[in-house]
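Working through the structure, step by step
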Amino acid sequence: MSRLIVVSNRVNPPTGKGDESVGGLAMALSAALRQYSGLWFGWSGRTVPAFTGELSIEEFDGVTAATVDLEETDFNEYYNGYANKTLWPLFHYRMDLTAYDRSYGEGYERVNRRFAETLRPLIAPDDLIWVHDYHLIPLARELRALGVRNRIGFFLHVPWPAYQVIATLPGHRQLVQAMFDYDLVGFQTHEYLQAFEEYVLTEAAGERIAPDKLRAFGHTLSVGEFPIGIDAKDFAQMVRGPRARRMRDIMTASTVFKQMIIGVDRLDYSKGLEERFLGFERLLADNPDLRREVLMLQIAPVSREGVDTYQEIRARLDALSGRINGEFADVDWNPVRYVNRNYRRDDLAGIYGAASVGLVTPLRDGMNLVAKEFVAAQDPQDPGVLVLSRFAGAATQLKEALLVNPNSPEEIADALKRALSMGLAERIRRWRALFENVQGEDVEGWRDAFVTALADDDAQSKAALAG
Ligand code: ADP
Ligand code: F6P
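Rules and cut-offs
- In this numbering scheme, every chain counts its residues from 1 along its sequence in written order.
- In the order they appear in the text, chains get letters beginning with A and ligands get numbers beginning with 1.
- A pLDDT threshold of at least 70 governs which residues receive local features in this predicted model, and a stricter bar of 80 or more applies before side-chain atom pairs are shown or counted, although totals over entire chains, interfaces and linings include all residues.
- The basis for every side-chain value is the complete set of non-hydrogen atoms in the structure, without hydrogens or water.
- Counting from the N terminus, the helices are DSSP H or I runs at least four residues long and the strands are E runs at least two residues long.
- Working rule for helices: expected span equals 1.5 Å times residues minus one.
- A contact between two residues is defined here by any heavy atoms of the two lying within 4.5 Å.
- An automatic or database domain assignment is the source of the domain bounds shown.
- Defined here as a combined quantity, buried area equals the accessible surface (1.4 Å probe) lost by two parts on assembly, summed across both.
- A carboxyl oxygen of Asp or Glu within 4 Å of a side-chain nitrogen of Lys or Arg is what we treat as a salt bridge.
- Polar contacts, as counted here, are pairs of nitrogen or oxygen atoms within 3.5 Å of one another; within protein the pair requires one atom able to donate a hydrogen and one able to accept it, and residues that are adjacent in sequence qualify only if both atoms are side-chain atoms.
- In this scheme, strands are said to pair when DSSP sees at least two bridges between them.
- The convention used is that axes are lines fitted to C-alpha atoms, helices contributing only their stretch in contact, and that angles between N-to-C directions extend from 0 to 180 degrees.
- Note on terminology: near, applied to a residue and a molecule or strand, indicates that one of the residue's heavy atoms is within 4 Å of it.
- Each accessible area is a Shrake-Rupley result for a 1.4 Å probe, and residues are judged covered by the shown protein chains and nothing else.
- Under the grouping applied here, Gly and all other residues not named as nonpolar or charged are polar, the nonpolar ones being Ala, Val, Leu, Ile, Met, Phe, Trp, Tyr, Cys and Pro and the charged ones Asp, Glu, Lys and Arg.
- Only protein chains enter the accessibility calculation, which uses a 1.4 Å probe; a residue is then buried when its area is under 20% of its type maximum, exposed when over 50%, and partly exposed in between.
- Angular relationships are summarised with four words: roughly parallel below 35 degrees, roughly antiparallel beyond 145, roughly perpendicular across 65 to 115, and oblique for the angles in between.

**Examining helix α15 (residues 424–440)**
Given a rise of 1.5 Å per residue, 17 residues ought to cover 24 Å, and the 24 Å separating the end C-alpha atoms of α15 matches this to within 8%. Packed against the buried residues of α15 are α8 (232–240), α13 (369–376), β15 (385–389), β16 (402–404) and α14 (409–420).

The following block contains the structure:
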């Protein structure tokens, strides 16, 4: 079997100490690599005044993590800049927040080149290389320029936006052209794959040469839909473990006689947190009988603090949670508990397990793993209800959730009311269907499907023939 080299901006080796970084990509890759002795390459999370290309190598459970520090200018132009001020908002349909600055694009290209140069000496001829997410779209082009002929795949964790949206990006053609230096490009859902294909077929005058193959810019590319999952088996085991059970007991004791609504999200404007708070406020305003019977716990660790839009959303949420508590709280009841810390995974499992409702309402989300974790953490005899945004990739799989339009506080309030009063039989019926999906399409299946497709020599030779 070939060695797998995973490349992502964020590297999150499974230390088991609970200090892993937060985010779907990090959670999924640490789980996916756990049984696959491979190499994980990316940013160390540190910045230095000048780039050296020096590698830090660490071993965890058979995984070798090789990371490199970023120069401060690179961090600002590539990570804070092009990745998180340009591509992130654009790919999440926030054209109003998308910043176009030539220095960001230059920083993005430079870091991809530096990553390629640093990674190049570590690559053996048979290695499969799997690159992740919007930070690293041009990486294959840079590796090819250095003579790398290995199979290289790319998986996009975030949405691929509609053709008319991506076309607003200066240099969009160059970005898409860079994707044709991969052998395989994978998306979370059919919708994102279709949007990509539409761009290629119309804007790039490409052609479809097989159901899953596109030809454009003089190259042939395999494309596919690979919905990411969670480490369902580990998670289910964790839920039954002592730490999660203890956390669940603590939460149950601290919310006694009340139903808890749980939200867990990085503090990001794409997560629809303001609209969610407004939905909860509406629920309390319209249903005086529910006051004191219910509380909302929102866990939202701060994220990307170097980007001003993230500082602004943080300030707005502080104000909004304060306003709701000021309006409705009593001496012995606070409707909103809002915390900005990270928790160990087994603690989170216990917290999810104590909740009656999982409230997951991103305005746009590539997949959303929190929705799947909430499902996996429920008691099969007395499960909670998932309220899910129709604009999360997960909505295409978790169809038995209560699906809502996250832009509408009224719809959120109505769904919450329905969830809080749902009878046991309906809750069990819905949960069983959700759990079957979460278990059946887990992170190992996702990894195996992608790696098998990437390693498929047959696909490679067919592509060469067609070329
Ligand atoms: P994104 O990748 O956009 O952050 P996802 O929902 O796909 O969104 O993934 C978020 C991941 O981060 C989940 O695995 C979730 O458990 C984890 N996470 C979110 N908040 C916390 C927190 N406060 N502490 C620990 N893990 C968290
Ligand atoms: O899943 C989307 C994503 O951007 C991942 O790429 C990333 O690991 C996560 O969100 C957290 O963001 P960041 O790496 O910027 O902290």
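**Quick word on the domain arrangement of the protein**
Along its sequence, the protein is carved into domain 1 (4–229 + 444–466) and domain 2 (232–441). Here domain 1 and domain 2 have C-alpha centroids that lie 30 Å from each other. Facing 29 residues of domain 1, the contacting portion of domain 2 comprises 27 residues. Regarding the contact of domain 1 and domain 2, the summed buried area is about 2,200 Å², with carbon and sulfur atoms giving 60% of it. At the junction of domain 1 with domain 2, the criterion picks out one salt bridge. Between E444 and K233 there is a salt bridge, with its nearest N and O atoms 3.7 Å apart. Our enumeration of links across domain 1 and domain 2 arrives at seven residue pairs in polar contact (both at pLDDT 80 or more). For the side of domain 1 that touches domain 2, the elements supplying multiple residues, two or more each, are α1 (24–33), α2 (72–91) and α7 (190–202).

**Structural notes on the environment of D181**
Looking at where D181 falls in the secondary structure, it is placed in the loop between α6 (172–179) and β7 (184–187). Here the alpha-carbon distance between D181 and L139, two residues 42 residues apart in the chain, equals 8.8 Å. Contact partners of D181, with chain neighbours within four places excluded, come to A140, R141, R144 and H219.

**Things to note about the sheet that holds strand β14 (residues 357–360)**
Read across the sheet, six strands follow the order β13-β12-β11-β14-β15-β16 without closing on themselves; strand pairing throughout is parallel. Only two strands of the sheet have a single partner each, and these edge strands are β13 (336–339) and β16. Ignoring strand direction, the axes of neighbouring strands in this sheet form an average angle of 20°. Taken together, the two bridges between strand β11 (residues 259–264) and β14 define a ladder with parallel strand orientation. Each bridged residue has a counterpart across the sheet, and for I262 the counterpart in β14 is G358. The strands touched by helix α12 (residues 345–353) are β11 and β12 (294–299); relative to β11, the strand with the most contacts, the crossing angle is about 140°.

**Description of the sheet that holds strand β4 (residues 63–71)**
Taken together, the 10 strands give an open sheet; going across it, the order is β3-β4-β2-β1-β5-β6-β7-β10-β9-β8, and neighbouring strands pair in mixed fashion. Edge positions in the sheet fall to β3 (55–60) and β8 (207–210), since each of these pairs with one other strand and no more. Taking the axes of each pair of neighbouring strands and ignoring which way they run, one obtains an average angle of 25° across the sheet. Note: strand β1 (residues 4–10) against strand β5 (residues 128–132), four bridges, orientation parallel. Of the residues in β5, the one forming a bridge with V7 is V131. Packed onto the sheet, α2 meets β1, β2 (39–48) and β4 and runs at close to 100° relative to β4. On the sheet, α7 packs against β7, β8, β9 (213–216) and β10 (219–225) and is oriented at approximately 160° with respect to β10.

**Details of the site of ligand 2**
Lining the immediate environment of ligand 2, one finds 11 residues, of which R10, Y79, D133, Y134 and R304 sit closest. Measuring from an oxygen atom of ligand 2, one finds a side-chain N or O atom of Y134 at 3.3 Å. Compared with its free state, where it exposes 370 Å², ligand 2 has 92% of that area covered by protein. Classifying every residue of the shell around ligand 2 gives five nonpolar, two polar and four charged.

**Some words on unusual backbone geometry**
Backbone phi values are negative for most residues with the exception of glycine, while trans is the configuration of most peptide bonds. Of note in this structure, Y93 is not a glycine but carries a positive phi near 65°. When you line up the elements, Y93 lands in the loop between α2 and α3 (102–119). Here the phi dihedral of R304 falls at roughly 45°; this positive angle occurs in a residue that is not glycine. Mapped onto the elements, R304 comes out in the loop between β12 and α11 (308–328).

**Some words on the side chain of D268**
Here D268 shows up in the loop between β11 and α10 (273–286). Within the local environment of D268, its side chain forms a polar contact with the side chain of W88, the two groups lying 3.3 Å apart. Within the local environment of D268, its side chain forms a polar contact with the side chain of R304, the two groups lying 3.4 Å apart.

**Topic: the pairing of β3**
Across a regular strand the side chains alternate sides, sitting on one face of the sheet and then on the other. Sheet analysis places β3 next to β4, joined by six bridges and oriented antiparallel. Looking across to β4, one finds that E59 is bridged to T64.

**Regarding the side chain of S222**
You can see S222 is positioned in strand β10. Residue S222 is classed as buried on the basis of its relative accessible area, which comes to 11%. S222 has contacts with D183, L184, V185, D212 and K213, leaving out every residue within four places of it along the chain.

**Focus: the packing of α8 against α12**
Two elements in contact, α8 and α12, have axes whose closest approach is 9 Å; the angle formed by their N-to-C orientations is 75°. Classified by the interaxial angle, the pair formed by α8 and α12 is roughly perpendicular. Where α8 abuts α12, its residues F235, M238 and V239 lie against R345, D346, A349 and Y352. Grouping the constituent residues of the contact of α8 with α12 by class yields five nonpolar, no polar and two charged.

**Describing the pairing of β2**
Across five bridges, β1 lies against β2 in parallel orientation. Counted as the bridge partner of S8 is G42 from β2. Pairing geometry for β2 and β4, over seven bridges, is parallel. When the sheet's bridge partners are listed, G42 is paired in β4 with T67.

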